[in-house]
Amino acid sequence: MARDTMQRNVICQELNNLGNHPTADQVYNAVHEKYPRISRATVYRTLNRLSDEGLVTRVKVSDGADRFDHQTHQHYHVRCAQCGRVADVNMPNLSLLDTEAARLSGYVVEGHSLLFEGLCPGCARESEMEDADA
């Protein structure tokens, strides 16, 4: 059990250090640099467990690897369609959507996730420069 706690702590620390909504592979690479004996399977299993326990947030990306966020408060994300970068969008909680979705569907809605898609500022500038050169 002590080993599991040490591994959890190391993985959580690296997730916090990365702070950029990393994939499980990116977390593994960061952990593996400092602790080469921790396996990829351990990192994946631990991230999944932390997500299931609500200690980290899993950001599901439809056409890519899930991302992990050390921030667990209700917030939203935006993903760049070009480079894949994921960032936080701090806006009011849209909890009324849960009530309306429950009313319309008959489901007991327990929450929602929202992922905006677009171009990050860097990719948007790059795209504008390419358009100007054309």
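Heads up: the structure comes first, above all this text.
With mixed pairing, three strands are arranged side by side in an open sheet as 4-3-5. Lying at the two open borders of the sheet, with one neighbouring strand each, are strand 4 (86-89) and strand 5 (115-118). Direction aside, the axes of adjacent strands within the sheet are offset by 30° on average.

The next point concerns the packing of helix 2 (residues 24-34) against helix 3 (residues 40-52). Close contact between helix 2 and helix 3 brings their axes to 9 Å; oriented N to C, the two are set at 125°. One finds that helix 2 runs oblique with respect to helix 3. Two packed elements cross with a definite hand, and for helix 2 against helix 3 that hand is right-handed. Across from Ala24, Asp25, Val27, Tyr28 and Val31 in helix 2, the residues of helix 3 making contact are Arg40, Val43, Tyr44 and Leu47. The residue inventory of the contact of helix 2 with helix 3, partitioned by class, reads seven nonpolar, no polar and two charged.

Glancing now at the nonpolar core. Core analysis: the largest hydrophobic core is formed by 13 residues, its most contacted members being Ile11, Leu15, Val27, Val31, Val43, Leu47 and Phe68. For this core, the secondary-structure elements that each account for two or more residues are helix 1 (2-18), helix 2 and helix 3. The element best represented in this core is helix 2, accounting for four residues. Leave out the neighbours within four places in its chain, and Leu15 touches Pro22, Val27, Leu47, Val56, Phe68, Asp69 and His70.

Moving on to unusual backbone geometry. Unlike most non-glycine residues, His21 shows phi in positive territory, near 60°. Secondary-structure assignment places His21 in the loop between helix 1 and helix 2.

If you add up the space inside the largest pocket, you get close to 360 Å³. Forming the boundary of the largest pocket are 18 residues, of which Thr57, Arg58, His77, His112 and Ser113 lie nearest the centre. Looking at the lining of the largest pocket, the element that brings in the most residues is strand 1 (residues 57-59), giving three residues.

Criteria and cut-off values
- Residues numbered from 1 in each chain as written.
- Predicted model: local features only at pLDDT ≥ 70, side-chain atom pairs only at ≥ 80, totals over all residues.
- Heavy atoms only, no water.
- Pairing = 2+ DSSP bridges.
- Helix = DSSP H or I, 4+ residues; strand = E, 2+ residues; numbered from the N terminus.
- Axes fitted to C-alpha atoms, helices over the stretch in contact; angles between N-to-C directions.
- Parallel < 35°, antiparallel > 145°, perpendicular 65-115°, else oblique.
- Left-handed = near helix turned anticlockwise from the far one by under 90°.
- Contact = heavy atoms within 4.5 Å.
- Nonpolar A, V, L, I, M, F, W, Y, C, P; charged D, E, K, R; others polar.
- Core = buried A, V, L, I, M, F, W, Y, C linked by side-chain atoms within 4.5 Å.
- Buried < 20%, exposed > 50% of the residue type's maximum accessible area, 1.4 Å probe, protein only.
- 1 Å grid on protein atoms, 1.4 Å probe; cavity = no way out; pocket = protein on both sides within 12 Å on 5 of 7 lines; lining within 4 Å.
- Points joined across faces, edges and corners; volume = space filled by probe spheres on them.

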